[in-house]
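Inside the fold
Residue-level listing of the chains:
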Amino acid sequence: MLILSTSSEDILLCSRLLENGNTVAIPTETVYGLAANALDAGAVKRIFLAKGRPADNPLIIHISDVSMFPDYCYPTKPAYLLAEYFWPGPLTLILPKKPVVPDIVTAGLSSVAVRMPSHPVANKIISVCGFPLAAPSANISGKPSPTRFEHVINDLSKNEFVAAAVDGGNCECGVESTVVSLIGEHPCLLRPGAVTVEMLRTAVPDLTVADAVLQKLPQNEKALSPGLKHKHYAPDAETVCLTGSAESALKYIKNRAKGKKTAVICFDGEENVFSDYTVIPYGTPERPETLAENVFAALRKADGIKDCKLIFVRCAPPEGKGLAVYNRLLRASDFRVVNTEEEV
Ligand code: AMP
Ligand code: MG
């Protein structure tokens, strides 16, 4: 895998590689993406092969200008309104697709997910290419998304389906884009992200929130967004999310850790409380955007501890920017959330 910088020459080289049907890992403001020409079915196939991504999980296509929007889908009035409010930025819109988008991109669905990133490097690469990029997170499917360049290197540097990776430093948001479907009667939040429910409702007050954002889908239920049913963000060690005070969390952990190597992903300032275990502070609940920025790096760090059997994660309320973090932690822990005030 070729390592590229964000210099103009390297961006040009990156665009050439993409033009020739290769996949390249690129930085965005959400997480690193594994990009390919969205209009080239063969190139998109390489993304699925590289990640081991299930073929029924559709990809988001990334554009660099609103003028590209109607080339790939049929934007509605609310779609243009949301684009005006939040693009470029971490918001993905789902709309009826145009035939030019290959079926492999949308996993055979009649709708397509479109986003315009605000990251200057991502934006530049797309505009130099002149075609949209399909780009899911640049990790092996099921694992935490990459938010630092080293995560991309760890996951993909020896991958035969990845030609290059662009080093853009750390990703600002740290969680994937907010996904809103505009297919039904009302706009519907399918995946929370840095653009919050409250922010979205300033543009579309009738926004609804899909049950799957906070609940496990019953087996066999058809997911509005196929990605929601797949195992996600999961470390190898058993992972449990904890709400409640640090003191009650410590009691709960003590009763379970017994002799097992244990990591605690805690809030900043709680390091001393959990000092009997490997502590990984990841931000403060008062500023949930700090938790979002660090949550995947923290999960990866815990997962990298040799022989680690248990990971406990201190969890902030599912409100505002905290909703996206909560949603990812639910999936990382297979929906195991314990209120330690109630259970010791
Ligand atoms: P990722 O590329 O890993 O950030 O995941 C993209 C997310 O968008 C997944 O949860 C997909 O299931 C969802 N998605 C992409 N296209 C569609 C679509 N046409 N309809 C519903 N959800 C979609
Ligand atoms: Mg992903």
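Every value quoted in this text rests on a predicted model; they were computed, and no experiment measured them.

1. Let's talk about the pattern of salt bridges
Enumeration over the complete set of coordinates arrives at 11 salt bridges. Where Asp334 meets Lys216, a salt bridge forms, and the shortest distance between an N and an O atom there is 3.0 Å. With Asp334 in the loop between helix 11 (322-332) and strand 16 (337-339) and Lys216 in the loop between strand 11 (208-209) and strand 12 (238-243), this pair connects stretches of sequence that are 118 residues apart. The residue Arg314 makes a salt bridge to Glu270 at a minimum N-O spacing of 2.9 Å. Remark: Glu270 occurs in the loop between strand 13 (262-266) and strand 14 (278-281) and Arg314 occurs in strand 15 (residues 310-314); sequence separation between them is 44 residues. Across the pair, exposure class does not vary: Arg314 and Glu270 are buried alike. Three or more residues are tied together by salt bridges with common partners; here these are Lys143, Asp236 and Asp303.

2. Side note on the environment of Arg331
Position of Arg331 among the secondary structure elements: in helix 11. Note: C-alpha distance between Arg331 and Thr30 (301 residues apart in sequence) is 18 Å.

3. Section: the nonpolar core
The biggest cluster of nonpolar side chains holds 74 residues, and the ones touching the most others in it are Phe69, Leu82 and Ile125. Contacts of Phe69, omitting those with residues within four sequence positions, involve Ile63, Pro75, Ala79, Tyr80, Ala83, Trp87, Leu93, Leu95 and Val114.

4. What to know about unusual backbone geometry
Put simply, Trp87 and Pro88 share a cis peptide bond, and its omega is -5°. With respect to the element layout, Pro88 can be found in the loop between helix 4 (77-86) and strand 5 (91-96). Its identity is not glycine, yet Ala107 carries a phi of approximately 55°, on the positive side. Examined against the element boundaries, Ala107 turns out to sit in the loop between helix 5 (103-106) and strand 6 (111-115). Unlike most non-glycine residues, Asp334 shows phi in positive territory, near 50°.

5. Brief notes about the sheet that holds strand 13
Judged by pairing direction, the sheet is parallel, and its five strands sit side by side in the order 14-13-15-12-16 without closing on themselves. What marks the edges here is a single partner per strand, and that holds for strand 14 and strand 16. Averaged over all adjacent pairs, the angle separating strand axes in this sheet is 25°, with direction ignored. Note: strand 12 against strand 16, three bridges, orientation parallel.

6. Remarks on the packing of aromatic side chains
Summed over all chains, the structure comprises six aromatic pairs. Between Phe69 and Trp87, the aromatic rings sit 4.7 Å apart at their centres with planes inclined by 65°, giving edge-to-face as the arrangement. With Phe69 in helix 3 (residues 69-72) and Trp87 in the loop between helix 4 and strand 5, this pair connects stretches of sequence that are 18 residues apart. Using a relative accessible area of 0% as the deciding quantity, one classes Phe69 as buried. Judged by its relative accessible area of 8%, Trp87 falls in the buried class. Centroid distance Phe267 to Tyr282: 6.1 Å. Interplanar angle 20°. Geometry classified as stacked. With Phe267 in the loop between strand 13 and strand 14 and Tyr282 in the loop between strand 14 and helix 10 (288-303), this residue pair connects regions lying 15 residues apart in the sequence.

Cut-offs used in this document
- Residues numbered from 1 in each chain as written.
- Chains lettered and ligands numbered in written order.
- Predicted model: local features only at pLDDT ≥ 70, side-chain atom pairs only at ≥ 80, totals over all residues.
- Heavy atoms only, no water.
- Salt bridge = Lys/Arg side-chain N within 4 Å of Asp/Glu carboxyl O.
- Helix = DSSP H or I, 4+ residues; strand = E, 2+ residues; numbered from the N terminus.
- Buried < 20%, exposed > 50% of the residue type's maximum accessible area, 1.4 Å probe, protein only.
- Core = buried A, V, L, I, M, F, W, Y, C linked by side-chain atoms within 4.5 Å.
- Contact = heavy atoms within 4.5 Å.
- Pairing = 2+ DSSP bridges.
- Axes fitted to C-alpha atoms, helices over the stretch in contact; angles between N-to-C directions.
- Phe/Tyr/Trp six-rings, centres within 6.5 Å; stacked < 30°, edge-to-face > 60°.

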